Amino acid sequence: MSRSLPETSRISRRRDRHGRGPRGPLAWPPVPAMRSRRDEFDDFVLDAAARLESTCGRAFPAVEFAVEDVPRGPAPWEHAEVPLGRLLPANGGRPARIVVYRRPVETRASGSREVAALVADIVTEQVAGLLGVRPEELDPGFGE
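Let me begin by describing the structure that accompanies this report. Everything quoted here is computed from the prediction, not taken from an experiment.

Rules behind the numbers
- Residues numbered from 1 in each chain as written.
- Predicted model: local features only at pLDDT ≥ 70, side-chain atom pairs only at ≥ 80, totals over all residues.
- Heavy atoms only, no water.
- Helix = DSSP H or I, 4+ residues; strand = E, 2+ residues; numbered from the N terminus.
- Buried < 20%, exposed > 50% of the residue type's maximum accessible area, 1.4 Å probe, protein only.
- Contact = heavy atoms within 4.5 Å.
- Areas by Shrake-Rupley, 256 points an atom, 1.4 Å probe, with all protein chains shown as cover.
- Core = buried A, V, L, I, M, F, W, Y, C linked by side-chain atoms within 4.5 Å.
- Salt bridge = Lys/Arg side-chain N within 4 Å of Asp/Glu carboxyl O.
- Pairing = 2+ DSSP bridges.
- Axes fitted to C-alpha atoms, helices over the stretch in contact; angles between N-to-C directions.

### Brief notes about the overall build of the chain
Counting its regular elements, the chain contains 5 helices and 3 strands. Reading the chain from its N end, one meets helices and strands in the order α-α-β-β-β-α-α-α. Going through the 144 residues of the chain one by one, you find that 29% of them count as buried. When contacts within the chain are restricted to residue pairs at least 6 apart in sequence, those whose partners lie at least 24 apart make up 57%. With an accessible surface of roughly 10600 Å², the chain has 52% of that area assigned to carbon and sulfur atoms.

### Looking at the nonpolar core
In terms of nonpolar packing, the biggest core is built from 22 residues, with F41, V100, V105, V115, V119, V123 and V127 touching the most fellow members. Sorting elements by how many residues they give to this core places helix α4 (residues 112-131) first, with 7 residues. Setting aside residues no more than four positions away along its own chain, V100 makes contact with F41, V45, A66, V67, E68, L84, G85, V105, I122 and V123.

### Observations regarding the environment of L131
Secondary-structure assignment places L131 in helix α4. Considering only alpha carbons, one finds L131 and P61, 70 residues apart in sequence, at a separation of 7.5 Å.

### Regarding the pattern of salt bridges
Taken as a whole and assessed by the stated rule, the structure comprises 8 salt bridges. Taking the shortest distance from any N to any O, the salt bridge between R38 and D69 comes out at 2.9 Å. Of this pair, R38 sits in helix α2 (residues 37-56) while D69 sits in the loop between β1 (63-68) and β2 (85-88), and the two are 31 residues apart along the sequence. Connected through salt bridges with shared partners, the residues R37, R38, D69, R102 and E106 form a single ionic network.

### Notes on the sheet that holds β2
Read across the sheet, 3 strands follow the order β1-β3-β2 without closing on themselves; strand pairing throughout is mixed. Each having just a single partner strand, β1 and β2 make up the two edges of the open sheet. Between one strand axis and the next, the sheet turns through 20° on average, direction left out of account. Two elements, β1 and strand β3 (residues 96-101), share 6 bridges in a ladder whose sense is parallel. For E64, the partnering residue across the bridge sits in β3 and is R97. Across the sheet, α2 touches β1 and β3, and the angle it forms with β1 is around 155°. Across the sheet, α4 touches β1, β2 and β3, and the angle it forms with β2 is around 25°.

### Looking at the environment of F65
One can find F65 in strand β1. Ignoring any residue separated from it by four or fewer positions in sequence, one finds F65 in contact with V45, A49, F60, I98, V123 and V127.

Below is the structure:
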């Protein structure tokens with residue numbers, strides 16, 4: 001003898017075992033809890049680049065900014081220290097690229113304010129190297 005379940009019990013089984021339905025996102029609408037450290041770090045790099053671009057104006061070079069987690073290894077011409085950032089010169093039709101390494105920067109700073117300040121200094125130093133000027137000329141508060 002086979003029994004079929006009543007229609008109401010089939011519907012409740014499709015939801016969840018308590019009959020509440022599927023759960024929504026844990027934090028909605030977007031709140032700071034939804035942002036990862038990686039997203040926050042990317043914003044620090046973009047903010048530092050935008051600040052330098054606003055101070056340099058038209059003299060700001062064509063440059064791409066990138067964030068990588070860790071450097072691939074020291075290049076033969078570099079010291080054995082772990083770099084925090086790297087400037088890759090323009091090659092053919094590609095513009096120059098400034099790479100900031102997230103993990104080495106985060107290990108050297110204790111909080112998000114220090115990370116933001118260190119990222120700003122790294123970006124300033126790399127752009128100054130690209131322009132062939134001292135970092136203090138681009139940002140009077142460099143290194144403070």
